[in-house]
Structures are given as structure tokens and as C-alpha cells.
Amino acid sequence: MDHIVSDRLKQAQEEGLVWTVFHAYENSEFYRHKFKTAGISPGDVKGLEDLHKLPFTTADDLREGYPFPLLSVPEREVVRIHSSSGTTGKRKIISYTRKDIEDWTEMFARCYRMAGVGEEDRVQIAVGYGLWTAGVGFQAGCERVGAMAVPVGPGNLDMQFQFLLDLKPSVICCTSSMALLLAEEAERRGVAGELSIKTVIQGSERCGDAMRRAILDKLGADHLHDITGMTELYGPGAGIDCREHEGIHYWADYYILEIVDPETLEPVEPGELGEMVVTTLKKEAAPLIRYRTRDLTRLIPGECPCGSPYPRHDRILGRSDDMIIVRGVNVYPGQIDEILSGVEGISSEYVIELERSGGKDFMLIKVERDPALDSSDDRELEERIAAEVKSKIMVSAQVQIVDYGALPRSERKSKRVFDNR
Ligand code: ZN
């Protein structure tokens, strides 16, 4: 990690790691048991070089600890909980002390500042409020930097447009699917020219270059920033890309980021794709120690042209759980996304369908045609995309170009992979 984390940040990491391990061991039965099983006592961890000795923590650990997993403070110190959706079984509930909320707010404010948001801005917050970390996180950070929060919440296009047109917000915060929906709807309503949005801040949902261009062009905005984070790690606000848009700066004084091979759990070479593993440095109520996020990304070595001391990782390129195996090859949908982003003549929308027939896997990629084109070049486009996929991912795919608007749109995350095997 030496090559990307400055000395000042490294020192913060050393101190934070030693404190976190001691705090967790002393105050959490779960961690004490886990460390003892692994033959570790807190004194064994003196600095970053000892990080690899610590056992991993997983989402299953959180579910098993329901309703207060990883709790490392007396309950009277917990001032709030948040919860993420559980598609199967129990929800994940994360506890926060007053200081945890303060730290999260500070991280989030840093994100807004990096995106150039300040006192003069009006910020329409079009994400979910309530148990979710999204709404309240965006709101707290917004108020901390002194901008005006317009807490519209998700969905409800008529209300979104009422505020977009009457209050003229300069910033909108939403999922990328919602941003695309708003952009297309603005065009449809013929009001795109009346919007004042300069900056779009979107959740960490995967979004390719073509979709980014479509959002920026249709909304007339200058910058689109990806904000990262997850409930386990406070919530959104763990990092954001600066105005150079060359990777996500992450707050290395609040957490350590490791990238490991999801199969072997060994660190990958700097710059290689792997799973993000995080260790918090200040978190009191529910500290994370080598928590496997399942998010795939890579570190970006070197300094950012913006001069920020905070290191960078790439966009989130998918989930290690989303990995699909096609004819024995590991395929991440994010790789398809990256390839399609570089192809002219198609829209940002696509789906991947998997079938099995005669004992063999078949992958079909359906992509929407660019609305400005007719179908005369479909064949050539299909062949070109199939060849790209073959050369970059080593897998044969059939490609089908469909009409613009033929694939489903969603206000929330779009489902891209349909595995019918
Ligand atoms: Zn930068």
C-alpha cells in the first residue's frame, strides 16, 4: 500500500488500526471470539504490516449477529440504527454512536466539497429516506457544507420536475438509473433547456460511459460524480471522484482498503481487479475488520492531477457474487458494461441472457440501438460487439441489436443479467 498512501495517512491508518483491534477485542464478544479462534491477541497488531494476520469478516457474520451485529459499545451509546435490504433472510442492521454519525457527516461533506458543492448550491436529493443510509447521509453532508437541501426523495417524476423547474437546483443526487430516467423525461417533456443542473452525484450503482454521456448531454450538466459507500461502512460518502474523473478518491484516514482475489483471498497486484476489503479506523459502534464487501474494483496507483492526497480506486465494476461462469470462463457483467461503453451507435441500455442447450452455455447480449440511427447497420454492429467480447473476455456471445426503448427502464437498479440455465 506504500505506493499510494501518503505518510500522514499511513500514520492515521497505523493508529486507527491498533485502536480498532483493541476496541473490538475489549468490547465485542463476536470479535474477541473470532480473534481467539484465529490465535490473535490485540498486542499482535502493531501496525499495517500485521493487517494480514487478522481474520476476515463477512455479511454472514452480520446476519448471524442480528439484530445488533459487531456491537462494540454499550447499547446506551447507540443513538441510531440503519438497515439495508436483505434479499434473503434477515436484514443487516448497523448501529451508530454520536461520534459515528459525526464522522460519517464529515466524510460526506468531504465528498460534496470534492464535487465542488458549497453554500451557493441547491441540492435536490432524490434518494430514499428512512431506514436507508442514503437520504439522511446526503442530507447531513449537504447541510454540513452549507448548501440548501431539497429533500424530494426517490420516484415521483412529477414532483421531481416541479422542484427542478421551480427551485432550479444546481445539483441532483440520485441513482444512475434515476438520473437517466430524469434526463430522458426532461427531453420528452421538452424542458431540458430550462433545467439548471450543473452537477449530478450518483450512487455507486454501475454505470458505463455511454450512460454517463447520455445523462450529462440530456440534462445539460457539466459533471457527473460517483459516490461510493455501503451501510456497513457508515453509508454512502466513503469516497467520490474529483472533477478530473480519473477514479474515486477514498478517505484513507477513515478506513483501510485492501483489494484481494475473491477465490484465494490473497492481495492482488496494484492495479489488478479484485474484491474490496475494508477495515475501519474510527468506527465505534460496529467497527469493521477486514470486511469483505464483495464489490469489485482496482487500485489506481500514482497521483491524481487534482493534487488530492487521498488515494484512488476505480469505479465499482460489479460484485464478486455477480460473477457468472460461461463455458468455464469467469465473467463479470461490469466487463461487458466496459466494452459496450466504448462502442459507438448503441444506447446505454443492455441485458445479458444466459441459456443452456445441449450441455453448452449460450450468452446473448441484447443492446439498444442509438435512437439517431436506423437498423441498416445492425448486422455490422452485432458482429463488431461479439468480436470485442471474444477478444477481451475470451467468451463467445451472440449479440442482438434492438430498438431504442425496447429494454425495461427502472427508477432503481436495472436488472442486467437473466440467467435461465
Ligand atoms: Zn483527483
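This one's a predicted model, so the numbers in the text were calculated from it and none came from an experiment.

K.L.:
Help me understand the coordination of the zinc ion in this model?
P.N.:
Four donors placed tetrahedrally about a metal ideally form angles of 109.5 degrees, and six donors placed octahedrally ideally form angles of 90 or 180 degrees. With distances of 2.1 to 2.3 Å, the protein atoms coordinating the zinc ion are Cys 242 (SG), His 249 (NE2), Cys 304 (SG) and Cys 306 (SG). Given 4 donor atoms and angles of 104 to 112° at the metal, the environment of the zinc ion is assigned as tetrahedral. Here the donor residues for the zinc ion map to a single chain with the spacing C-x6-H-x54-C-x1-C. Linking Cys 242 in the loop between strand E8 (235-241) and strand E9 (248-250) with Cys 306 in the loop between strand E13 (299-300) and strand E14 (312-313), this pair joins segments that are 64 residues apart in sequence. Taking relative accessible area as the criterion, Cys 306 reaches 35% and is therefore assigned partly exposed.

K.L.:
What should I look at first to understand the side chain of Asp 121 in this one?
P.N.:
Residue placement: Asp 121 occurs in the loop between helix H4 (98-114) and strand E3 (122-125). The buried charged residue Asp 121 lacks any salt bridge, with Arg 243 as its nearest oppositely charged partner at 7.1 Å. What Asp 121 contacts, discounting residues up to four positions off in sequence, is Gly 116, Ala 147, Met 148, Ser 170 and Val 171.

K.L.:
Hey, could you run me through unusual backbone geometry in this one?
P.N.:
Most peptide bonds adopt trans geometry, and most residues besides glycine take a negative phi value. Cis geometry is adopted by the peptide bond preceding Pro 67, which originates at Tyr 66 and carries an omega value of 5°. Examined against the element boundaries, Pro 67 turns out to sit in the loop between helix H3 (59-64) and strand E1 (78-84). One non-glycine residue, His 245, adopts positive backbone phi at about 55°. Take His 245: its relative accessible area is 32%, and that puts it in the partly exposed class. Here the phi dihedral of Met 394 falls at roughly 65°; this positive angle occurs in a residue that is not glycine. Counting through the fold element by element, Met 394 comes out in the loop between helix H10 (378-393) and strand E19 (397-402).

K.L.:
Hey, could you run me through the pairing of strand E7 (residues 223-230) in this one?
P.N.:
For E7, the buried fraction is high: 7 of the 8 residues fall into the buried class. With 4 bridges joining them, strand E6 (residues 199-202) and E7 adopt parallel strand pairing. Residue pairing in the sheet places Val 200 in a bridge with Leu 224 of E7. Pairing geometry for E7 and E8, over 4 bridges, is antiparallel. Counterpart to Gly 229 in the pairing with E8 is Pro 236.

K.L.:
Help me out: how do you make sense of the pattern of salt bridges in this one?
P.N.:
For side chains bearing opposite charge, pairing can occur when the charged atoms are close. Taken as a whole and assessed by the stated rule, the structure comprises 28 salt bridges. Across the pair Arg 144 and Glu 102 runs a salt bridge whose closest N-O atoms are separated by 3.0 Å. Of this pair, Arg 144 sits in helix H5 (residues 134-145) while Glu 102 sits in helix H4, and the two are 42 residues apart along the sequence. Since its relative accessible area comes to 34%, Arg 144 is described here as partly exposed. Where Glu 185 meets Arg 188, a salt bridge forms, and the shortest distance between an N and an O atom there is 2.7 Å. Separated by 3 residues within a single helix, Glu 185 and Arg 188 lie in helix H7 (residues 176-189), roughly one turn from each other. Glu 185 sits in the buried class, given a relative accessible area of 11%. Overall, Arg 188 belongs to the exposed group, its relative accessible area being 64%.

K.L.:
Mind showing me how you'd approach a nonpolar patch on the surface here?
P.N.:
A contiguous nonpolar patch, built from Phe 68, Ile 81 and Leu 131 and spanning about 230 Å² of accessible area, is present on the exposed surface. Mapped onto the elements of the fold, Ile 81 is located in strand E1.

Rules used in this analysis
- Residues numbered from 1 in each chain as written.
- Predicted model: local features only at pLDDT ≥ 70, side-chain atom pairs only at ≥ 80, totals over all residues.
- Heavy atoms only, no water.
- Donors = N, O, S within 2.8 Å, 3.2 Å for Na, K, Ca; no water.
- Tetrahedral: all angles 85-135°; square planar, octahedral: opposite > 155°, others 65-115°.
- Helix = DSSP H or I, 4+ residues; strand = E, 2+ residues; numbered from the N terminus.
- Buried < 20%, exposed > 50% of the residue type's maximum accessible area, 1.4 Å probe, protein only.
- Lys, Arg positive; Asp, Glu negative; His and termini not counted.
- Salt bridge = Lys/Arg side-chain N within 4 Å of Asp/Glu carboxyl O.
- Contact = heavy atoms within 4.5 Å.
- Pairing = 2+ DSSP bridges.
- Patch = residues over 30% accessible without salt bridge, like charges linked within 9 Å, V, L, I, M, F, W, Y side chains within 5 Å.
- Areas by Shrake-Rupley, 256 points an atom, 1.4 Å probe, with all protein chains shown as cover.

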